[in-house]
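Working through the structure, step by step
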Amino acid sequence: MAAPPEGSIDRVLDFARYAVAAAAVAPGTLLSVARGRMEPQIGEGTDFGGLRRSEHRVAMAGSREELRSLLAKAARQGEAVTVAGSRHSANGQTLPRAGGLQIRLDRASGRWAAPTMVGPTRVRVSAVHTWRSLQAWLRPRGRSCPVLTDHLTTTIGGTLSVGGGIGTASVAWGRQLDQVRAFRLVLPDGDEAWCSPEENADLFRHAMGGFGELGVIDEVELETRPHRPWLAIFRYQHRDLPGAMDLVRQALEHPAVPGDLAHLVVEGPILDTPFLQFELGLEADSQQQARDLLRDAPEAFAHLERSRRVLGHRAIVKADQSNDRHNRSASYVSSLVGYKHIWNDFFFADYDSFRRFLCFTRDEVFARRGCRHLMSGLSFAYPGDPLDPVDPAHRRAAFSFPARQGERYRWSFGFNYSVPPGPQVQPIIETVATLRREATALGAGLYGYGYAERTAAELRQAYGSVVDDFLALKARVDPSGRFGAGLPLR
Ligand SMILES: Cc1cc2nc3c(=O)[nH]c(=O)nc-3n(C[C@H](O)[C@H](O)[C@H](O)COP(=O)(O)OP(=O)(O)OC[C@H]3O[C@@H](n4cnc5c(N)ncnc54)[C@H](O)[C@@H]3O)c2cc1C
């Protein structure tokens, strides 16, 4: 009889601890759902993070015309303004300076541009809509958003403006912003401009990832892909974060990596427990094809199948399982009323730095401080070469950077701490600050939505002269610096 994998009892115990933790939060989550809470609760005067507050006025913009007129009026009056989509930012990115105006993009009005195909593969849609509604429109047409994030009710404009859109399919399709071909930007004074690699190329490059500092992304043209309904998933449980990631990387960089690989997520620790698992998934057009794919593990996963350090199992899921992920985590997060969400992701352009960061996380943070209040750690990889075919000079969205020479992937790790108000908040802020310092020292970029105190010097260290290009553009479109949350950019 074959010996059981090394440490398999520990892994079973890890899973048991996770199952107990999940069961413990289930009643609160179900009660919250029964009360109709399926979205994070965001109080007035703050955002999802709940750590920043501001006294400000709120105006609803129910259409592009209303938005333009509100912006023009604020410009005449010299008023500070921000725009807000679903308000899921974690560090006050949607909050105007004191006494200013927050313009909420009111998608419920029904007066923003609905999706329409503008070619066989390209969709045009107002960026105030959510990714969930766009995906629901595309699916019956046999198309799909190439990448969906863990949370589907963020707005298209909100995600593009913080520089991301990373999800399980990023391993194959990059970020959501890699799919953008053009957009119309409503400028801080209410004027507007179409932006693409050919037209207003500097605005095209910088308004994505531009934190809502350069204008409001109004209509956007995005690439779509054929909808493939099934995923054959190879799921592995491991005990060690860097060790798990090494195995993932080996699979991704294997010469025989399957062309259908379109799903990767590494998740853990979860819910205060050491439970850690990763999934590699192959897309399929039918359930039968998915079954066939599962029968024999691909050659690129042979080291995983052989490893005595992982416990594996296989499953077929509907490709829309990211909806399930959304429902699971969104309903749990929605039950945490009044909590502070101290979330941030760090992005690395090379694997060695990423691995060193994971070792630091394991040894200096999780081992010493535990992972109390860590709702989950979530990691993705996305191709090192930007996928968009536009001129390389325009590829880089502000505050985002290409992989280092010779690297096939860029890597991210996100820490999602959700903390009840009280004395436990400050220690977690300090933990996240420690992680940020280490990540920055290793050359990582910070995700624009997260909880991060950063200085212009740090931004320059991470992103180089692109920060100054951005600032010059900002001075051009918003000379009085009224527009946006006033990031430490000056
Ligand atoms: C539960 C949860 C899970 C998440 N999971 C993921 C994930 O898996 N992957 C990932 O990549 N991200 C993830 N995020 C981060 C999320 O993508 C960002 O927080 C995103 O900004 C949220 O969109 P929003 O509509 O709430 O934007 P808001 O918070 O409303 O706005 C964010 C920023 O964009 C600006 N802005 C908003 N709309 C526009 C517009 N139309 N034009 C110009 N600027 C605009 C705002 O001024 C602000 O600076 C998650 C967030 C949460 C809360």
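In short, a report on the structure. Small disclaimer: the values here were computed from a predicted structure and weren't measured. (Residues numbered from 1 in each chain as written. Predicted model: local features only at pLDDT ≥ 70, side-chain atom pairs only at ≥ 80, totals over all residues.)

Inspection of the region around the ligand gives 35 residues, with G85, D150, G157, G158 and G212 positioned closest. Among the elements of the structure, β2 (81-84), α4 (156-161) and β9 (216-223) are those that each provide at least two residues to the shell around the ligand. When grouped by side-chain class, the residues that make up the shell around the ligand number 14 nonpolar, 19 polar and 2 charged. (Near = placed C-beta within 6 Å. Helix = DSSP H or I, 4+ residues; strand = E, 2+ residues; numbered from the N terminus. Nonpolar A, V, L, I, M, F, W, Y, C, P; charged D, E, K, R; others polar.)

Take the sheet that holds β2 next. With respect to topology, 3 strands assemble into an open sheet ordered β1-β3-β2, the strand pairing being parallel. The open sheet is flanked by β1 (57-61) and β2, the only strands paired with a single partner. Averaged over neighbouring strand pairs, the angle between their axes works out to 25° when direction is ignored. Pairing between β2 and strand β3 (residues 101-105): 4 bridges, direction parallel. Looking across to β3, one finds that T82 is bridged to Q102. Sitting on the sheet, helix α2 (residues 64-77) touches β1, β2 and β3, and the angle it makes with β1 is about 145°. (Pairing = 2+ DSSP bridges. Axes fitted to C-alpha atoms, helices over the stretch in contact; angles between N-to-C directions. Contact = placed C-beta atoms within 7 Å.)

L185 and Y417 are the most contacted members of the largest nonpolar core, which totals 124 residues. Counting contributing residues per domain, this core is built from domain 1 (111-226) and domain 2 (230-462), each supplying no fewer than three. The residues contacting L185, other than those within four sequence positions of it, are E192, A193, C195, L203, A207, L214, G215, V216, I217 and D218. The next biggest cluster of nonpolar side chains, apart from the first, holds 7 residues, and it includes F399, A462, V466 and F470. (Core = buried A, V, L, I, M, F, W, Y, C linked by C-beta atoms within 7 Å. Buried ≥ 20, exposed ≤ 12 C-beta atoms within 10 Å, placed from the backbone. Domains from an automatic or database assignment.)

Limitation: the analysis is restricted to geometry and does not speak to function.
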